[in-house]
Amino acid sequence: MIHIVVVDDEADTHLLYKLKFKKFFAALGGVKLVSFLSAIDCLNYLRIADTPKVDLIMSDINMPEMDGFELLQEVRKVYPMMPFYVVSAYESSEFRNRAEQLGAQRFLSKPVDFHALGEALKTDLNLSL
């Protein structure tokens, strides 16, 4: 089972990922998708001792309290190799460059192209479907 954490302050986004990932990961025995509306809640989840190994974090950039870039920086302090995708409704070279400099594996533009996301997941998580 693949364990993915989604962080986005828009609740509708969580349902969309849940539906798409459930179908995509069905052949692999399913997906454990955990969603948070804030980066702080995500960090608190990662700090819980019995949290299962997270295979991927996908985070929006623009969120209140702590943005996706700040979340990425905090995650990198403890999990330097954890796959991390940055997602944004704002396509800009500045955002792309910052995501890359901070160690994100991917920068995805909204609306997310789920076919391209599936291909990225196959590559970055070493999946064979």
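You'll find the structure just up there.
Below is a summary of the structure that appears in this document. Quantities reported herein were computed from a predicted structural model and do not represent experimental measurements. (Residues numbered from 1 in each chain as written. Predicted model: local features only at pLDDT ≥ 70, side-chain atom pairs only at ≥ 80, totals over all residues. Heavy atoms only, no water.)

Side note on the overall build of the protein chain
1) Next: Along the backbone of the protein chain there are 5 helices and 5 strands.
2) Next: Along the protein chain, helices and strands appear, N-terminal first, in the series β-α-β-α-β-α-β-α-β-α.
3) Next: A globule of 129 residues ought to have a C-alpha radius of gyration of about 14 Å, and the protein chain, at 14 Å, matches this closely.
4) Next: Reported as C-alpha extents along the three principal axes, the dimensions of the protein chain are approximately 35 × 35 × 25 Å.
5) Next: Across the 129 residues in the protein chain, those meeting the buried criterion constitute 44%. (Helix = DSSP H or I, 4+ residues; strand = E, 2+ residues; numbered from the N terminus. Rg over C-alpha atoms; globule rule 2.2 N^0.38 Å. Buried < 20%, exposed > 50% of the residue type's maximum accessible area, 1.4 Å probe, protein only.)

A look at helix H2 (residues 39-47)
1) Next: Within the sequence span of H2, burial applies to Ala-39, Cys-42, Leu-43, Tyr-45 and Leu-46. The buried residues of H2 all sit within an arc of 160° when viewed along its axis, so they share a single face.
2) Next: Looking at the buried side of H2, the elements it contacts are strand S1 (2-7), strand S2 (31-36), strand S3 (56-60) and helix H3 (68-78). (Arc of directions from axis to C-beta. Contact = heavy atoms within 4.5 Å.)

Overview of the packing of aromatic side chains
1) Next: Taken as a whole, this structure holds 6 aromatic pairs when the rule is applied.
2) Next: Taking the centre distance of 5.2 Å and the plane angle of 50° together, the rings of Phe-36 and Tyr-45 count as tilted.
3) Next: Residue Phe-36 is classed as buried on the basis of its relative accessible area of 13%.
4) Next: Look at Tyr-45 and you get buried, because its relative accessible area is 14%.
5) Next: Ring geometry for Phe-69 and Phe-95: centres 5.7 Å apart, planes at 70°, overall edge-to-face. Pair noted here: Phe-69 is in helix H3 and Phe-95 is in helix H4 (residues 93-102), with a separation of 26 residues, a long-range link.
6) Next: Taking relative accessible area as the criterion, Phe-95 reaches 18% and is therefore assigned buried. (Phe/Tyr/Trp six-rings, centres within 6.5 Å; stacked < 30°, edge-to-face > 60°.)

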